[in-house]
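Listed here are the chains, written in short residue letters.
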Amino acid sequence: MQPDEFRKWAVRAAEWGADYREGLRDRPVRAQVRAGAVLDQLAASAPEQGEAMETIFADFERIVPDAMTHWQHPGFFAYFPANAAPVSVVAEHLVNAMAAQCMLWQTSPAATEMEIRVIDWLRQALGLAEGFKGVISDSASSATLAAVLTMREIALGWCGKSEGLAANPAVRVYCSGEVHTSVDRAIWVSGIGEDNLVRIAVTGSRRGMDAAALDAAIVADREAGMLPAGIVASVGGTSIGGTDDIAAVAEVAKRHGLYLHVDAAWAGSAMICPEFRDLWNGIDAADSLVFNPHKWLGAQFDCSVHFLKDPEPLIKTLAYRPEFLKTYGNQLPGNGSGGGEVVNFSEWTVPLGRRFRALKLWFLMRAHGLEDLRNRIRNHVAWSQELCEKFRAETDFEIVTEPVLSLFSFRHVPEGEGDLNRHNLDLVNAINDDGRIYLTQTNVDGKIAIRFQVGQFDVTQEDVTRAFDVICEMARRS
Ligand code: PLP
């Protein structure tokens, strides 16, 4: 592609994106295509000769948008949001154009230094103690894997990487049943094994780990010759917002010298609002903490921030310095503070290669300001809680789990319905086939419940009210 053509198509793509965003409300939220429909329209093999961009672009418009689920649609109330504020999309256009691989300071100094700065902006915005450092990962799953590997290595005295696990006592990690499946995967990938992920019973409406049971499990494991390594706590779990009492869990971790990682992938964004911070009371005692600005805050996917009280154990676990990755003479000026080695962020994560993810955070926080970002989240929480009360007032609905920030779950309980689980699954499908809004379900102690979270970046109070009307209409349709 010649420079002139590149300019033409880059502008066309950006304009297409702006039109797409403007027209989102006219689209069904969840893709309404049959499985295999896209595959059927794609050539079975790559062309031998290049094709005209007009043709490729026209095919894109014909095949792709209607077969997408529209995560930026204000009728998106499913899963958790994956918000991409327009300003972060603009930043991503720039990142894509530069297309740098930012693994080392010298492979893109601006990427590294901006990452240091925006992480500290976020630390301040979240009210985390001074001293927390951080790195941007692709996903919370990667950050949790890095944290589990770190707790494993600390517990094994740094010999797990060389010896493997077979010759050592069983490494044990503790969590509740409310954590995200990324914890299970981290346990598999780290070689610890699912049998050594100890599920602690939960208590209270927030479904947090019972601290006494956690303590007892650690003591019993030690007595049995096993090696307790760490705890993974949840703040705002995926299913229904399950949240551990971080202060109580941290107390147990401290007593036993265990590493504490906290997964606040979704709820972390809300901690920019001081009034919600009781949800992670005691957080400064965590060793490691992940939250995803690519969920609720508005930074386009992928952008997951991994905070560390002390990055050294993580770096000792993951850094690898073959000659071809060494850099010489990249020292920060020693001006009385901040002298020393530059940061090479690829030593803080499992993948070596890394994108320039800090730019979209810098654009987002500067263009909106923290106050606007806080107000959006405050509105989402308030509108969701109002909606919960509206369902509570209806005799044919019941609240299954109470709101945690902007997430609650409910189900339709019409009189005379024998199989409520089937009925509510059918209702979710009917709502999503209808397309005006998008919802997903979960299972709470055997009950199928419909999750409702408000969090899409541009959602309005009217959108939330409309969602209530759509749900009632679909539920009562005989
Ligand atoms: N933790 C929680 C609480 C989540 O809800 C999710 C995803 O929804 C994850 C972790 C995994 O996030 P990621 O997709 O960034 O790996």
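Bear in mind that the values here come from a model prediction, so they are computed numbers and not experimental data.

S.K.: Could you clarify how one ought to interpret the site of the ligand in this entry?
M.R.: Among the 13 residues in the neighbourhood of the ligand, the closest are listed as Ala140, Ser141, Thr238, Asp263 and Asn292. Contacts to the ligand include aspartate 263, whose side-chain N or O atom sits 2.6 Å from a nitrogen atom. Contact with the protein chains covers 85% of the free accessible surface of the ligand, which is 390 Å². One can see that the ligand is located within the largest pocket.

S.K.: Whenever I open this one, the state of the cysteines confuses me. Can you help?
M.R.: What is meant by a disulfide is a covalent connection between two cysteines, made through their sulfur atoms. Per the counting criterion, the structure on display carries zero disulfides. The thiol of cysteine 273 is not disulfide-bonded; the next cysteine sulfur, from cysteine 303, is found 18 Å away. With no disulfide partner, cysteine 303 has as its closest neighbouring cysteine sulfur the one in cysteine 102, 13 Å distant.

S.K.: Got a minute to help me understand the packing of helix H5 (residues 109-126) against helix H13 (residues 358-393) in this structure?
M.R.: Angle between the axes and distance between the axes are the two parameters that describe a pair of packed helices. Interaxial distance between H5 and H13 falls to 9 Å at its minimum, and their mutual angle equals 40°. Relative to H13, the element H5 lies oblique. Crossing hand, H5 versus H13: left-handed. Mapping the contact onto sequence places Ala111, Met114, Glu115, Val118, Trp121, Leu122 and Ala125 in H5 and Ala358, Leu359, Leu361, Trp362, Met365, Arg366 and Leu370 in H13. The residue makeup of the contact of H5 with H13, split by class, is 12 nonpolar, no polar and two charged.

S.K.: Sorry, what's going on with the layout of surface pockets here?
M.R.: If a probe the size of a water molecule is rolled over the atoms, the empty space left behind becomes visible. A volume near 1,300 Å³ is recorded for the largest pocket. Looking at the largest pocket, it is lined by 50 residues, and the ones nearest its centre are Trp71, Gln72, Ala82, Ala84 and Phe301. Mapped onto the lining of the largest pocket, the elements with two or more residues apiece are helix H1 (3-22), helix H4 (86-98), helix H6 (140-155), helix H11 (293-297) and strand E14 (440-444). Along the lines of polarity and charge, the residues of the lining of the largest pocket split into 24 nonpolar, 21 polar and five charged. Quantified by volume, the second largest pocket comes out at close to 550 Å³. Contributing to the lining of the second largest pocket are 27 residues, with Arg321, Glu341, Val342, Asn344 and Glu347 lying nearest its centre. Here the lining of the second largest pocket takes three residues from helix H12 (residues 312-318), the largest share from any one element. Tallied by class, residues from the lining of the second largest pocket come to 15 nonpolar, seven polar and five charged.

Thresholds, definitions, all that
- Residues numbered from 1 in each chain as written.
- Predicted model: local features only at pLDDT ≥ 70, side-chain atom pairs only at ≥ 80, totals over all residues.
- Heavy atoms only, no water.
- Near = heavy atom within 4 Å.
- Polar contact = N/O pair within 3.5 Å; in protein donor to acceptor, adjacent residues only side chain to side chain.
- Areas by Shrake-Rupley, 256 points an atom, 1.4 Å probe, with all protein chains shown as cover.
- 1 Å grid on protein atoms, 1.4 Å probe; cavity = no way out; pocket = protein on both sides within 12 Å on 5 of 7 lines; lining within 4 Å.
- Sits in = over half its atoms within 2 Å of the grid points.
- Disulfide = S-S within 2.5 Å.
- Axes fitted to C-alpha atoms, helices over the stretch in contact; angles between N-to-C directions.
- Helix = DSSP H or I, 4+ residues; strand = E, 2+ residues; numbered from the N terminus.
- Parallel < 35°, antiparallel > 145°, perpendicular 65-115°, else oblique.
- Left-handed = near helix turned anticlockwise from the far one by under 90°.
- Contact = heavy atoms within 4.5 Å.
- Nonpolar A, V, L, I, M, F, W, Y, C, P; charged D, E, K, R; others polar.
- Points joined across faces, edges and corners; volume = space filled by probe spheres on them.

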